[in-house]
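Residue-level listing of the chains:
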Amino acid sequence: TGMEAGPAPADSPDSPTPGPGDGAGNRRFGDYELLDEIARGGMGVIYKARQAGLNRVVALKMILSGRLATDTEVRRFHAEAKAAANLQHPNIVAIHEVGEHDGQHYFSMEYVDGKNLADLAGGKPIAPQQAARYVQIIAEAVHFAHRNGTLHRDLKPQNVLIDSHDQPRITDFGLAKIMDDESSLTMTGEVMGSPSYMAPEQAAGRNDQVGPHTDVYSLGAILYELLTGRPPFSAASAMGIMRKVMEAEPATVRSLAPDVPPDLETICLKCLEKAPVRRYASAMELANDLGRFLRSE
């Protein structure tokens, strides 16, 4: 879904209007009071909201097109909720409730008070040790998702929130694939994901070849950006980036950030190998190598 943080006014014309009132603060949506818009993307909008019955603050996600949502949009939306709701892990944002109110599909999830990794880094390198720790924890959570049958397929810095305890929390399973789900919402040849962080097999639309190694690539792209301040590839257009993802080699980490230890560069570039068989076989293998790096082994 590519939710980008950066609140737009909650009363902008294309916002859903779940209830009476002209400001987000006094708009009701079923049992929820909408407080603020947190983010919006191509398909969804997320509000900070108070759930009246339980008096708790949550993040409430709705389909942007509201009652006009197509069957495919509704199915994708429910697939996201289903993917995340099955994953109870301290580093994955928890889903509370999935429902429909006045024809508007929604789900509520844990509200994480913090910046996403992209905003936190601000386009500048962060300390190698800190980058390794973040990606180690994210990789362990991604491995947990894989073990429970879910691929994320859209891992990027914007989809990792850093909470008040400096712990990363993965969110936005909008492109997730349930590994044993036959009713796939993506056809072979359809390109899904964010170009700067997608693996070559994703960029080529070879969805039959997408697997845990695809998320490992994206974890490497996140680590690369945290270490260098930029993603592995950039170009003027999405198509230009995808061509580079498929055909070009990224600049070495240390050519852009000489202070990065060679071992950490090796770990990062192993994730970004074009051939899936040359990457880490699992996100846990990546996490374990990052652990060894952090312990100076």
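Computed from a predicted structure; not experimentally measured. (Residues numbered from 1 in each chain as written. Predicted model: local features only at pLDDT ≥ 70, side-chain atom pairs only at ≥ 80, totals over all residues. Heavy atoms only, no water.)

Student: Mind showing me how you'd approach the overall build of the chain here?
Tutor: A count of helical and extended segments in the chain gives nine helices and 11 strands. Considering the chain as a whole, with its 297 residues, one finds that 53% of them fall into the buried category. The long-range fraction of contacts in the chain, counting pairs at least 24 apart against all pairs at least 6 apart in sequence, stands at 61%. Counting only carbon and sulfur atoms, one obtains 50% of the accessible surface of the chain, whose full area is about 13,000 Å². (Helix = DSSP H or I, 4+ residues; strand = E, 2+ residues; numbered from the N terminus. Buried < 20%, exposed > 50% of the residue type's maximum accessible area, 1.4 Å probe, protein only. Contact = heavy atoms within 4.5 Å. Areas by Shrake-Rupley, 256 points an atom, 1.4 Å probe, with all protein chains shown as cover.)

Student: How should I be thinking about the packing of helix 8 (residues 262-271) against helix 9 (residues 283-294) in this particular structure?
Tutor: Helix packing geometry: the angle between the two helix axes and the distance between the axes. Taken N-terminus to C-terminus, the directions of helix 8 and helix 9 make an angle of 170°; their axes are 10 Å apart at the nearest point. Between helix 8 and helix 9, the crossing angle belongs to the class labelled roughly antiparallel. In contact with Asp263, Leu264, Ile267 and Cys271 of helix 8, helix 9 contributes Leu286, Asp289, Leu290 and Phe293. Within the contact of helix 8 with helix 9, the residues separate by chemical class into six nonpolar, no polar and two charged. (Axes fitted to C-alpha atoms, helices over the stretch in contact; angles between N-to-C directions. Parallel < 35°, antiparallel > 145°, perpendicular 65-115°, else oblique. Nonpolar A, V, L, I, M, F, W, Y, C, P; charged D, E, K, R; others polar.)

Student: How should helix 8 be read in this particular structure?
Tutor: Because each turn of an α-helix spans 3.6 residues, side chains separated by three or four positions in sequence point in the same direction. Turning to helix 8, its buried residues are Leu264, Glu265, Ile267, Cys268 and Cys271. Each buried residue of helix 8 sits inside an arc of 160° when the element is viewed along its axis, so together they form one side. Away from its buried face by more than 90 degrees, helix 8 exposes Asp263 and Thr266. The inward-facing, buried residues of helix 8 abut helix 3 (128-147), helix 5 (212-228), helix 7 (253-256) and helix 9. (Arc of directions from axis to C-beta.)

Student: What exactly am I supposed to notice about empty space enclosed by the protein here?
Tutor: The gaps left among the atoms become clear once a water-sized probe is rolled over them. With the rule as written, the count across this model stands at two cavities of 30 Å³ or more. Volume-wise, the largest cavity comes out at about 50 Å³. Along the wall of the largest cavity there are 11 residues; nearest its centre are Ala84, Met109, Thr171, Asp172 and Phe173. Taken together, the elements giving at least two residues each to the lining of the largest cavity come down to helix 1 (71-85) and strand 7 (104-110). (1 Å grid on protein atoms, 1.4 Å probe; cavity = no way out; pocket = protein on both sides within 12 Å on 5 of 7 lines; lining within 4 Å. Points joined across faces, edges and corners; volume = space filled by probe spheres on them.)

Student: It is not clear to me how the packing of aromatic side chains should be interpreted in this structure. Could you clarify?
Tutor: Remark: the centre distance and the inter-plane angle together describe each pair of aromatic rings, the angle taken between the planes. Across all of its chains, the model carries two aromatic pairs by this definition. Relative to Tyr106, the ring of Phe29 lies with its centre 5.4 Å away and its plane at 85°, an arrangement referred to as edge-to-face. Of this pair, Phe29 sits in strand 2 (residues 27-29) while Tyr106 sits in strand 7, placing them 77 residues apart in sequence. Tyr106 shares its class with Phe29; the two are buried. Where Tyr32 meets Tyr106, the ring centres are 5.7 Å apart and the plane angle is 70°; that geometry is what we call edge-to-face. Residue Tyr32 is found in strand 3 (residues 32-40), and its partner Tyr106 is found in strand 7; the two are separated by 74 residues along the sequence. (Phe/Tyr/Trp six-rings, centres within 6.5 Å; stacked < 30°, edge-to-face > 60°.)

Student: Looking at this structure, how should I read helix 9?
Tutor: Its 12 residues place the ends of helix 9 16 Å apart at the C-alpha level, agreeing with the 16 Å of an ideal helix rising 1.5 Å per residue. Within helix 9 the residues assigned to the buried category are Ala283, Leu286, Ala287, Leu290, Gly291 and Phe293. Angularly, the buried residues of helix 9 cover 160° about the axis, an arc narrow enough to put them on a single face. Those residues of helix 9 hidden inside the fold are in contact with helix 3, helix 5 and helix 8. Of the residues one or two after helix 9, Ser296 is the one with positive phi, at around 55°. (Expected span 1.5 Å × (residues − 1).)

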